[in-house]
Structures are given as C-alpha cells and as structure tokens.
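# Observations on the model geometry
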Amino acid sequence: MSTFNAPPDAYERYMGLWSRPLAREFVDAVGIAPGQRVLDVGCGTGALTTELARKVGAANVAAVDPSEPFATACSATVPGADVRVGGAETLPFADGSFDAALSQLVVNFMTDAHAGVAEMSRVVRQGGTVAACTWDLRDGMTMLRVFWDAAVAIDPSAPHEGRTMPFCSREELDLLWREVGLADVETGELVVKRSYASFDDFWEPFTFGVGPGGAYCVSLDPAACEALREECFRQLGSPAGPLDLTARAWLVRGTA
Ligand SMILES: C[S@@+](CC[C@H](N)C(=O)[O-])C[C@H]1O[C@@H](n2cnc3c(N)ncnc32)[C@H](O)[C@@H]1O
C-alpha cells in the first residue's frame, strides 16, 4: 500500500496508461449497463471509475481506495462519484447497496483478499456481480515481466512479482471466488496494447518509485540501477525507436 502513496501523476505514467485501456475492456466484459449502481474497489487515480461513470453516470458510481492522494485524484477526475478513503476489507457501504462491485489490479494488493472479496459480495445485492482482474505477472504483462526478468537475471533474489504476488493466475482467482462463496464463477482474459515513444519512455516511470517495480528500482544504488536499465534494454531487443507492448490480465466474475 505504501508504494501507492505516490503522486497521482507518477502513477498515471507508470500504470495509468495501461490501466485506462484495461478498464474499457473490463467494463465491457463484465457487461455493466446504464441503470446500474456500481462500486470500484481500489480505484487508484480513477481509471476504472472513469469508465464506470461513462456507462452508468457518475452519480451511480462509488469508489474506495486506502491511498488518500489517489482517492483525491479520482474524485477530481470523476466529479459526482462518491469517492472514499478506505480498504476493501471493511467497505463503508451497507449490505446490498450495488448491482456490481468491480476491482481492477487490486486483489493481489489486499491485506486479506478473502475478506476483501467477501466485503465486495456483501455490498452487492443478491444476484449482483462481483468481478476483478489482475495482471498476468508471470507472462502476459510484458512491461512488468521484462522488468522483473531483467532484475532476476542480475540478482536471482530480486522479488519478481510473478513469483511473489498472489492471485495473478486465473486458477487462483477462480479458487478465491469459489472459496468466498460466489456462484456462477467464470474466468477469462483481457488483452491491451500501448506504445512507448522510446526505451526511455518505458524506463523512466520505474524511477518514480511507484508500485513494487518502482519501489525496487529506487532501492538500488546508481550502478545497480544502471545495470538493470541496460538489462531491460537488452531483454526488449535493444529498441532504437518506439516500442509496442501488450499486457494480459486475468478476469474473474461471479454472482453474489
Ligand atoms: C495497481 S493499483 C490499481 C489502481 C486502479 N484500480 C487502476 O486500475 O489503475 C492498486 C491499488 O490498490 C490500492 N490498494 C492497496 N491495498 C488495498 C486494499 N486493501 N483495499 C483496496 N485497495 C487497495 C492501492 O492504493 C492502489 O490504488
């Protein structure tokens, strides 16, 4: 959580440029439709909140995040949404308040994912939807996989998120949803693409200290940091110009 106590602009360059297109895919895949009242759990700077508001209107959207600067940024980005500071494990909403609760790139950061998903289920009406997506950190999220593969190539004890992060496979998400007691559990995948203007455009956001990758990057001394930068460059095929990458997230949805 402390790695997300960061300036919202830094988050936007590091992850928001990925999570905004992902949110469009996520909202469509879950089938959010006008007339519904919806909740975004772990809203960050508002990538998913924005897309939910586009579908159902800001007045029908609530959002929550434990990071105060992120919640403030989300509130400014989606005026009219009910944005609060708080964690998934104790949601500040009454039972059955929403038609759907969604959480994008958050389940693996929850202090207690079972409690967080149970809370999402509690605040959704009976028959409503509880859904989440998390990056495929072991393979398909190229930006983070390349960074961590490079880190481990230099230091095998580096905390590769694909090894340390829970709930970043469809099997783990499927099991979590069933263990919490959700019905009609389904999994799927979401794939998004984006371009970087250059390798520096790819690298620089890691130096902002946001998220586990950024936190690791800024913990290194300058020589180790430069070695990691060079290894990332090498693993990306030493690109001379713009860079196109894809990212896959695993999706899970169930009925409360
Ligand atoms: C990778 S960001 C995703 C933010 C946003 N959903 C997006 O797609 O851009 C992870 C977010 O989870 C939030 N978070 C961390 N622990 C949490 C918890 N226990 N409950 C809810 N959100 C949490 C962080 O503050 C951060 O905003």
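For the structure itself, consult the block above.
In what follows, the accompanying structure is described. Predicted, not measured: the structure shown is a model, and the values here were computed from it.

Close contacts around the ligand come from 25 residues, with Phe-4, Ser-19, Gly-42, Gly-44 and Ala-88 the closest. Listed by contribution, the elements that provide at least two residues to the shell around the ligand are α1 (8-30) and α2 (47-56). Ranked by residue count, the leading element in the shell around the ligand is α1, at 3 residues. Partitioned by chemical class, the residues of the shell around the ligand number 14 nonpolar, 9 polar and 2 charged.

The buried fraction of strand β2 (residues 61-65) amounts to 5 of the 5 residues, a majority that puts the element mostly inside the structure. What you see with β2 is no split at all: Val-61, Ala-63 and Asp-65 on one side and Ala-62 and Val-64 on the other are buried throughout. Bridging between strand β1 (residues 38-41) and β2 involves 4 bridges; their strand directions are parallel. Considered in β2, the bridge of Leu-39 is made with Ala-62. Relative to strand β3 (residues 82-85), β2 runs parallel, the two being bridged by 4 bridges. Opposite Ala-63, over in β3, you have Val-83 as the bridge partner. For the segment spanning β2, helix α3 (residues 68-77) and β3, crossover handedness is right-handed.

Counting 83 residues, the largest nonpolar core has Phe-26, Val-38, Val-61, Ala-100, Ala-101, Leu-102 and Cys-133 as the members making the most contacts within it. Top element by residues in this core is α1. It accounts for 9 residues. Apart from residues no more than four positions distant in its own chain, Leu-102 is found in contact with Phe-26, Val-30, Val-38, Asp-40, Leu-48, Ala-131 and Ala-132.

Moving on to the environment of Ala-183. Structurally, the position occupied by Ala-183 is in strand β6 (residues 183-196). Of the residues examined, Ala-183 has 11 C-beta atoms within 10 Å and is grouped as exposed. Linking Ala-183 and Cys-217, residues 34 residues apart in sequence, is a C-alpha distance of 41 Å.

The next subject is the packing of helix α4 (residues 113-122) against helix α7 (residues 170-180). One can describe the packing of α4 onto α7 by two numbers: an axis separation of 9 Å at closest approach and a directional angle of 60 degrees. When the axis of α4 is compared with that of α7, the two are oblique. The element α4 and its partner α7 pack so that their crossing is right-handed. Residue-level inspection shows Ala-113, His-114, Val-117, Ala-118 and Ser-121 of α4 in contact with α7, the latter providing Leu-176, Trp-177, Glu-179 and Val-180. Residue classes in the contact of α4 with α7 are distributed as 6 nonpolar, 2 polar and 1 charged.

The rules behind the values
Residues numbered from 1 in each chain as written. Predicted model: local features only at pLDDT ≥ 70, side-chain atom pairs only at ≥ 80, totals over all residues. Near = placed C-beta within 6 Å. Helix = DSSP H or I, 4+ residues; strand = E, 2+ residues; numbered from the N terminus. Nonpolar A, V, L, I, M, F, W, Y, C, P; charged D, E, K, R; others polar. Buried ≥ 20, exposed ≤ 12 C-beta atoms within 10 Å, placed from the backbone. Pairing = 2+ DSSP bridges. Right-handed = clockwise from strand over helix to strand, strands pointing away. Core = buried A, V, L, I, M, F, W, Y, C linked by C-beta atoms within 7 Å. Contact = placed C-beta atoms within 7 Å. Axes fitted to C-alpha atoms, helices over the stretch in contact; angles between N-to-C directions. Parallel < 35°, antiparallel > 145°, perpendicular 65-115°, else oblique. Left-handed = near helix turned anticlockwise from the far one by under 90°.

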